[in-house]
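Residues per chain are reported as follows:
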Amino acid sequence: MAYTVYYGTLVHSVSLTELEIIKNGVLVVDNEKGVIVHVEKEVSDLDSFLSTTSFQDAKIEKLGSEQFLVPGFIDTHAHAPQYMFAGSGMDLQLLEWLESHVFPCESAFKDVEHASEAYTKVIERFLLNGTTTCSWFATIHLGACKKLVDIIEGLGQRAFIGKVNMDQNAPDYYIESTEASLDDTRAFIEYVQQKNNHLVTPVVTPRFAITCSTPLMKGLSQLANQYNVPIQTHLCENHDEIDFTCSLFKDSKDYTSIYDDHQLLNERSYMAHCVHMTDDEIKMLADRKTGIAHCANSNFSLHSGVCDVRRFLNQGVKVGLGTDVAGGFSASMLDAVRSTFFASKTVKIMHRDGPLKDKDYAPLSPAELLYLVTLGGADVLGLKDQIGNFEKNKAFDALWVDLENGSIDLMGGETMHQKVEKFLFNGSDQNLKHVYVQGRRVAGKA
Ligand code: GUN
Ligand code: FE
């Protein structure tokens, strides 16, 4: 059959603050392209509606009364190899943790077979959790990076995938020369682009300024321009990191300027964390149209700090959410939503009881949280025209949520807004009956 018709409640974000709930919605997907070709609201009689359309022969999928479709979750920052040790080392802070946990774990991905096993587990887990799009950091190893791309292609996730670059201030067992780093990055970009699979995109991935020399960062900027690919890295995560970084690049005004001085900030770049930033640095991101990946679980777990994303939103900076596995211990974007909620409440408490002065500060609302985990992430990745909500001509990346079978108890009488909120706060992978990417079912409980 050429089309599939989904009939039931549709929930999606229209803007940062507007959550739209469509009752008796009809969403038609072109099965070959995996694209939404029609959305109709308030259809009381499906058969008579369909009889007026060219979708009469479509496959019909009716959602139950306690079920709804929501756009797939978008994780704008995660480290695929680090899933191996997620949930350990959480007593440490960033720089100690990189030495004791991250670098030893990542260096083992030199072995492609080891990488293959680990990467299969992490991608399967993320899909089960409803992460239909993810921006991944891999490791420095070309072979394992290619393997990650192959695994992601096979499992059907939409992904940005980065070969990590590091040519300085790294242990001698996990470092590359500047030349090898640039050559392997070029080879990796070409490997992904030659596949001609629009679900997988290579992303230039300098780990962070500490581990990247000036020639490396300049070369990476040139590669990103030459191949027209996005750029991801870490920025202003933790005080010790910021001090060390600024001591290495004394010619730059601040940490954000280091990346700017190396031509790494543009409308296709996005920066993870951005916890400790001056107003000037935030303005620089806004001016360059560079987005941020807000990784609240990681910012708490590595006690890096509390990022006030409202400051970025108010300045017009694009904001998405990231698990930052394994700085964040959870692979679930529902957890990212909850950590983001706590971070924004913490900022509120700091405004009311602490050193910050804005008494009118508004914590993030449930509608804003849903935006950040869907459309906001799409915006950060430059995919707002393709995914993030249920608009005609966008890809069908969606979660079929079932409130009755899973980790939620309904008491009866909840409004749809309350049910969506319950899903965000009490839901889990157990509530995801089907997970779709580009119209294809890639995971789910059913
Ligand atoms: N900064 C540089 N590398 C990393 C990493 O792997 N995780 C986190 N959270 N921050 C980093
Ligand atoms: Fe990270």
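Being a predicted model, the structure only gives us computed values, none of them experimental.

Enquirer: What should I look at first to understand the overall build of the chain in this one?
Expert: Secondary structure summary: the chain contains 14 helices and 18 strands in total. Computed over its C-alpha atoms, the radius of gyration of the chain comes to 22 Å, within 12% of the 22 Å expected for a compact globule of 446 residues. Each principal axis of the C-alpha atoms in the chain carries an extent, and together these give about 70 × 55 × 40 Å. Split into buried and exposed, the 446 residues of the chain put 51% on the buried side. Across the chain, contacts joining residues at least 24 apart in sequence account for 74% of those joining residues at least 6 apart.

Enquirer: Sorry if this is basic, but what is going on with helix H14 (residues 416–426) here?
Expert: Side chains that are three or four residues apart share a direction in an α-helix, a result of its 3.6 residues per turn. Burial in H14 covers these residues: Lys-419, Val-420 and Phe-423. Buried residues of H14, viewed axially, fall in a sector of 100°; they line one side. On its buried face, H14 sits against strand S1 (3–13), helix H13 (366–380) and strand S16 (398–402).

Enquirer: Just checking my understanding: could you explain the sheet that holds strand S14 (residues 291–294) for this structure?
Expert: Each strand in a sheet pairs with its neighbour through backbone hydrogen bonds, running either in the same direction (parallel) or in the opposite one (antiparallel). Strand order in this open sheet of 4 strands is S12-S13-S14-S15, and the pairing throughout is parallel. Only two strands of the sheet have a single neighbouring strand rather than two, namely strand S12 (231–235) and strand S15 (319–321). For this sheet, the mean angle separating the axes of adjacent strands, direction not counted, is 30°. Relative to S14, strand S13 (residues 269–273) runs parallel, the two sharing 3 bridges. Considered in S14, the bridge of Met-271 is made with Ile-292.

Enquirer: Help me out: how do you make sense of the site of ligand 1 in this one?
Expert: The environment of ligand 1 is formed by His-79, Leu-94, Leu-98, Val-102, Arg-207, Phe-208, His-234, Glu-237, Ser-298, Asp-324 and Gly-327. For the shell around ligand 1, a count of residues per class yields 4 nonpolar, 4 polar and 3 charged.

Enquirer: Teacher, can you tell me more about the UniProt feature "domain: Amidohydrolase-related" (unreviewed entry) in the chain here?
Expert: As annotated in UniProt, the feature "domain: Amidohydrolase-related" (unreviewed entry) corresponds to residues 68–442 in the numbering used here. For residues 68–442, the helix share is 43%, the strand share is 16%, and the end-to-end C-alpha distance is 18 Å.

Enquirer: Could you clarify how one ought to interpret the nonpolar core in this entry?
Expert: A general trend in soluble globular proteins is that nonpolar side chains are found buried together. Counting residues in each nonpolar core, the largest one holds 135 residues, and the members touching the most others are Leu-69, Trp-136, Leu-148, Ile-161 and Val-373. If one sorts the elements of this core by residue count, H13 sits on top with 8 residues. For this core, the domains that each give at least three residues are domain 1 (3–71 + 390–443) and domain 2 (73–380). Among all residues touching Trp-136, those that are not within four sequence positions of it are Ala-78, Ala-80, Leu-148, Ala-159, Phe-160, Ile-161 and Gly-162.

Conventions used here
- Residues numbered from 1 in each chain as written.
- Chains lettered and ligands numbered in written order.
- Predicted model: local features only at pLDDT ≥ 70, side-chain atom pairs only at ≥ 80, totals over all residues.
- Helix = DSSP H or I, 4+ residues; strand = E, 2+ residues; numbered from the N terminus.
- Rg over C-alpha atoms; globule rule 2.2 N^0.38 Å.
- Buried ≥ 20, exposed ≤ 12 C-beta atoms within 10 Å, placed from the backbone.
- Contact = placed C-beta atoms within 7 Å.
- Arc of directions from axis to C-beta.
- Pairing = 2+ DSSP bridges.
- Axes fitted to C-alpha atoms, helices over the stretch in contact; angles between N-to-C directions.
- Near = placed C-beta within 6 Å.
- Nonpolar A, V, L, I, M, F, W, Y, C, P; charged D, E, K, R; others polar.
- UniProt positions renumbered as here; feature names shortened; annotations may be inferred.
- Core = buried A, V, L, I, M, F, W, Y, C linked by C-beta atoms within 7 Å.
- Domains from an automatic or database assignment.

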